[in-house]
Amino acid sequence: MLKRKDLLGLKDVTREEIEEILALAAQMRKVLDQSAKKTTDLQGKSVITLFYENSTRTRTSFETAAKIMSASTTSISVATSSVSKGETLIDTGKNLDAICADAIIIRHSMSGAPHLLAKNVRASVINAGDGLNEHPTQALLDMYTMKEHFGSFEGLKVVIAGDIKHSRVARSNIWGLNKMGASVTVCAPKTLLPAEIDKMNVTVSSNLDECIKGANVVMGLRMQLERQQAGLFPSVAEYHAFYGIDAKRLRNADGDAIVMHPGPVNRGVEMSSEVIDGDQSVILPQVTNGVAVRMAILKLLLAEKRG
Ligand code: NCD
C-alpha cells in the first residue's frame, strides 16, 4: 500500500513503491484482457481530470482506468471552466474538494503546479504532466512495458533520443530507471539537452549512431515545437537526417531491442514510419499498459488507503 496521498513525480518515489505499482499493474493488465472489463475497486470514489494542456492518450487513459474500476469520472475542460474567469488553481482545487473529489488528475504547463495543488487540497493529486518537470505515470507505463519484455531492469541499456530539454517524460524515466538499475543514455543535439543533464546520472551523447549500438530499448521523443523558441535546430529534415530513428540505425541496436514512444508521434521527424509500425515497435502496447498502470496507481492511492 502506498503511504503517500499524491503521486507527483518519480524523483521522490522509492524503488519499493515503483515495484509495488508495477506488480499491481500486472494484475490490472489481466482485467483488460477479459471480455467484461470491470472491477468494483473504486466504487463510490470520484475522480476528476483537470487538464490545462492538450491531451489524447493520458486523459482518456486515466478516465478509462477509473471507469473500469467503477469510479465516477468528471472531466473539466479548462477552456469552458471558471479558470478562464480568473480563478486561481488553489481556489479551483478547494472547490473540487468541496464537490467531494477523491482524486484530482492534473496536467499543467507550469512545473510545480501539481505540487501546489496537492498542498492545498484533501483529494489525492496525480501529476499527468507539469511543464518540463515530470510525467510519472507515463514513465511508469514505459517501465512496465520494459519489464514485460525483459523481466528486469538490471543491466538494461535504455537510449532516450529526441527533444530531451522539453521532455517531462525523459525526466521521469531517468529518475525511475536509475532507481531500478537500468543504464540510461540520452541522445540529442546540444541545443536540445537541458542544462542540468550532467547531474542526472545518465550517459550523454549527441551521436545517435554511436549510442544506439547494443541498446535494448530505443525510446524516441517528440520535437516539442510548441515549447521551443526558434533556432534550436536548423530544419526538421536535417534533424531527421541526423537524429531520426530509422530502420538502418535500428539495426545497430541489440537484436531483441524494442522501440518506444510516449506519443504523439511526428512521423518522419523523430522516427520513420517503418520503425513506428515495425515488428520491434511497442508503441501501442505502451498505450494499453498505460491503462493498467493508472488503474494500479488509482487503486493504491484511493481504494486501499481510505476504503
Ligand atoms: C507527452 C507529454 O504530454 O508530456 N505525451 C504523453 O503524455 N503521452 C509527450 C509529448 O507531448 O510529446
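Computed from a predicted structure; not experimentally measured. (Residues numbered from 1 in each chain as written. Predicted model: local features only at pLDDT ≥ 70, side-chain atom pairs only at ≥ 80, totals over all residues. Heavy atoms only, no water.)

*Asks:* Whenever I open this one, the side chain of Arg 4 confuses me. Can you help?
*Replies:* Position of Arg 4 among the secondary structure elements: in the segment before helix H1 (15-33). Within the local environment of Arg 4, its side chain forms a polar contact with the backbone oxygen of Asp 12, the two atoms lying 2.9 Å apart. (Helix = DSSP H or I, 4+ residues; strand = E, 2+ residues; numbered from the N terminus. Polar contact = N/O pair within 3.5 Å; in protein donor to acceptor, adjacent residues only side chain to side chain.)

*Asks:* Any chance you could explain the packing of helix H5 (residues 136-150) against helix H6 (residues 168-180) here in plain terms?
*Replies:* Each packed pair of helices is defined by two parameters, the angle between the axes and the distance between the axes. At a minimum axis separation of 8 Å, H5 and H6 run at an interaxial angle of 50°. One way to sum up the angle between H5 and H6 is to call them oblique. Read as a crossing pair, H5 and H6 show a hand that is right-handed. From H5, Pro 136, Gln 138, Ala 139, Asp 142, Met 143 and Met 146 reach across to H6, where they touch Val 169, Ser 172, Asn 173, Gly 176, Leu 177 and Met 180. For the contact of H5 with H6, the per-class residue count stands at 7 nonpolar, 4 polar and 1 charged. (Axes fitted to C-alpha atoms, helices over the stretch in contact; angles between N-to-C directions. Parallel < 35°, antiparallel > 145°, perpendicular 65-115°, else oblique. Left-handed = near helix turned anticlockwise from the far one by under 90°. Contact = heavy atoms within 4.5 Å. Nonpolar A, V, L, I, M, F, W, Y, C, P; charged D, E, K, R; others polar.)

*Asks:* Would you explain the pairing of strand E8 (residues 217-220) in this entry?
*Replies:* Successive side chains on a regular strand alternate, one facing one side of the sheet and the next facing the other. Because side chains alternate across E8, one face comprises the buried residues Val 217 and Met 219, and the other comprises Val 218 and Gly 220, equally buried. Where strand E5 (residues 157-161) lies against E8, 4 bridges are found, and the strand directions are parallel. When the bridges of E8 are listed, Val 159 appears paired with Val 218. Sheet analysis places E8 next to strand E9 (residues 258-260), joined by 3 bridges and oriented parallel. Across the sheet, Val 217 pairs through a bridge with Ile 258, a residue of E9. (Buried < 20%, exposed > 50% of the residue type's maximum accessible area, 1.4 Å probe, protein only. Pairing = 2+ DSSP bridges.)

*Asks:* Explanation requested: the nonpolar core in the structure shown.
*Replies:* One broad trend across soluble globular proteins is that nonpolar side chains are buried collectively. Ile 160 and Leu 298 are the most contacted members of the largest nonpolar core, which totals 90 residues. Setting aside chain neighbours within four positions, we find Leu 298 in contact with Leu 42, Val 47, Phe 62, Ala 65, Ala 66, Met 69, Ala 103, Ile 105, Ile 126 and Ala 303. Residues Leu 89, Ala 101, Ile 104 and Ala 118 belong to the second largest nonpolar core, which totals 16 residues. (Core = buried A, V, L, I, M, F, W, Y, C linked by side-chain atoms within 4.5 Å.)

*Asks:* I keep staring at the site of the ligand and nothing clicks. Help me out?
*Replies:* Residues in close proximity to the ligand include Thr 58, Arg 107, His 135, Gln 138, Arg 168, Val 169, Arg 222, Gln 224, Pro 262, Gly 263 and Pro 264, which together make up its full environment. His 135 is positioned with one of its side-chain polar atoms (N or O) 2.7 Å from an oxygen atom of the ligand. Contact with the protein chains hides 94% of the accessible area of the ligand, taken as 320 Å² for the molecule alone. Residues that form the shell around the ligand fall into these classes: 3 nonpolar, 5 polar and 3 charged. (Near = heavy atom within 4 Å. Areas by Shrake-Rupley, 256 points an atom, 1.4 Å probe, with all protein chains shown as cover.)

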